[in-house]
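The chain contents come next:
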Amino acid sequence: MTERVYFDNAATTSLDPRVAEAMRPWLGEEFGNPSSLHSFGHRAREIVDRARGQLAALLGARSDEIVFTASGTEADNLALTGVAEAHGAGDCHIVTSSIEHPAVLETCRYLERRGVEVSYLPVDSEGIVDPGALAGAMRPTTRLVSVMAANNVVGTVQPIAELARIAHEHGALFHTDAVQALSKLPIDVQAQEIDLLSLSAHKLYGPQGVGALYVRRGIELAELIHGGGQERGLRSGTENVAGLIGLGEAAELVQAEMREDAPRLVGLSDRIIETLGERIPNAYLIGHRYRRLPGHLCLGFRGQENEGITLLLELDEAGIAASSGSACSAQHAAESSYVLTSMGFDPIRARGSLRVTLGRFTTEAEVDRFLEVLPQAVASLRPITSHVLLGA
Ligand code: PLP
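Rules of the game
- Residues numbered from 1 in each chain as written.
- Predicted model: local features only at pLDDT ≥ 70, side-chain atom pairs only at ≥ 80, totals over all residues.
- Heavy atoms only, no water.
- Salt bridge = Lys/Arg side-chain N within 4 Å of Asp/Glu carboxyl O.
- Helix = DSSP H or I, 4+ residues; strand = E, 2+ residues; numbered from the N terminus.
- Buried < 20%, exposed > 50% of the residue type's maximum accessible area, 1.4 Å probe, protein only.
- Domains from an automatic or database assignment.
- Contact = heavy atoms within 4.5 Å.
- Buried area = accessible area lost by both parts, 1.4 Å probe.
- Polar contact = N/O pair within 3.5 Å; in protein donor to acceptor, adjacent residues only side chain to side chain.
- Patch = residues over 30% accessible without salt bridge, like charges linked within 9 Å, V, L, I, M, F, W, Y side chains within 5 Å.
- Areas by Shrake-Rupley, 256 points an atom, 1.4 Å probe, with all protein chains shown as cover.
- Lys, Arg positive; Asp, Glu negative; His and termini not counted.
- Charge placed at Lys NZ, Arg CZ, Asp CG, Glu CD.
- Near = heavy atom within 4 Å.
- Nonpolar A, V, L, I, M, F, W, Y, C, P; charged D, E, K, R; others polar.

Undergrad: Help me understand the pattern of salt bridges in this model?
TA: It is possible for side chains of opposite charge to pair when their charged atoms get near one another. Applying the stated rule across the entire model yields 25 salt bridges. A salt bridge links Arg349 to Glu305; the nearest nitrogen and oxygen atoms lie 3.5 Å apart. Linking Arg349 in the loop between α9 (338-342) and β12 (354-357) with Glu305 in the loop between β10 (296-301) and α8 (308-317), this pair joins segments that are 44 residues apart in sequence. On the basis of relative accessible area, Arg349 is assigned to the partly exposed category, the value being 30%. Its relative accessible area of 1% is what places Glu305 among the buried residues. Salt bridges linked by common partners bring Asp16, Arg18, Glu257, Asp261 and Arg360 together as one network.

Okay, here's the thing in structure tokens:
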């Protein structure tokens, strides 16, 4: 059997063996509830506090500014509903972008049903939010601006420090969903003036079902999950000790290795871009050429965009796992991507992107294999005909 190639690291990353090793004792002989007063509890508390410190160090934050959650989605929910409910829905305006992950967009829609006003900023053809548009959208009641650090479909990186400055000039808080960005870009909550930041362990070579929200000291949030008062009362529930060890270890590895990993990923993805230009004349890059996450490519094939799913299946058959957009929308894979339509793509062309996301364990040989397989797979696709364009 041929080796399988995993080029879908934006959907989830594999668990780094070093992270798995750190978690292992807490999936077996070690256990304890961090809230217990005996030695088992103390040990579990120590372990959870250590993970909090490791994550805080990656962000340039203090340990007491980290709130653990069960996912990046939950962190986004806590940030948005936490701010809105702390202010009272009737007196709250939120500004976000039209290309946020559903964890933000659907939370905004929920808040709108509860009386919060939300403005959705447009993006340009490369997926970038215009800081001038943000300045124009600010109102006296704007409590929060939420713009992702990098987009999960196209990989475009936003000017978050500039956006944060504008939010602050107008008296609002700034939240960023850094779920995709954190393993690839240096983030410093002080230097970038970030008040709230969401992250997820399974995009950092850590375990699934573990996330966190950074909450700048002094910010008041309404609680999301009611119960025994864990995580400063913001999200109750007994801590996932093994999972948090994994998140802490994953954060420490990202901090130690990003400086080497990121340029290597840029090199590999640049090689893909350059070679595709020679081998597949109708291939084009979606999103900004340079302001993009290292190793994150979103590709289109002019005149064949309706064949995105067929292309994915062909690649899968050849042992290469890529994606057509975000994994969260797998059930809508044949529909247009709202991210691409927001960037000005027509609905047919917005259906057929190929997302190729490399990661820490991607090798040169895997890139070579992809560059061999893709031209053949694209050549076998049918072109768009007027039949398709008319929706028949
Ligand atoms: N935000 C972004 C930008 C994402 O890419 C994802 C996951 O794909 C999430 C939030 C949700 O994170 P989680 O899977 O931990 O709920």
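Undergrad: I would appreciate a short explanation of the domain arrangement of the chain in the present structure.
TA: Think of interface size as the accessible area that goes away when the parts come together; that is how it is often given. Assigned domains within the chain: domain 1 (5-12 + 258-389) and domain 2 (17-253). The centre of domain 1, based on its C-alpha atoms, is set 28 Å off from the matching centre of domain 2. Contact with domain 1, which involves 30 residues of that partner, is made by 35 residues of domain 2. With both sides pooled, the region where domain 1 packs onto domain 2 buries about 2700 Å², and carbon together with sulfur makes up 58% of that total. Among the residues domain 1 hides against domain 2, the three largest losses belong to Met258, Leu293 and Arg360. Together they make up 25% of the total. At the boundary of domain 1 with domain 2, the tally comes to zero salt bridges. The interface formed by domain 1 and domain 2 holds 13 residue pairs in polar contact (both at pLDDT 80 or more) in total. Mapped onto the side of domain 1 that touches domain 2, the elements with two or more residues apiece are α7 (241-279), β10 and α9.

Undergrad: Honestly, a negative patch on the surface in this entry has me stumped. Any pointers?
TA: Together, Asp124, Glu126, Asp130 and Glu162 make up a negatively charged patch on the protein surface. Residue position: Asp130 is located in the loop between β4 (117-121) and α5 (131-137).

Undergrad: I keep staring at the site of the ligand and nothing clicks. Help me out?
TA: Inspection of the region around the ligand gives 14 residues, with Thr73, Asp177, Gln180, Ser200 and Lys203 positioned closest. Between the ligand and Gly72, the relevant distance is 2.8 Å, taken from an oxygen atom to a main-chain nitrogen or oxygen of the residue. Contact between the ligand and Lys203: an oxygen atom at 2.6 Å from a side-chain N or O atom of the residue. Surface burial for the ligand is 90%, taken as the share of its 390 Å² of free accessible area covered by protein chains. The dominant element in the shell around the ligand, judged by the number of residues it contributes, is helix α3 (residues 72-87), at three residues. Its residues placed into classes, the shell around the ligand shows three nonpolar, eight polar and three charged.

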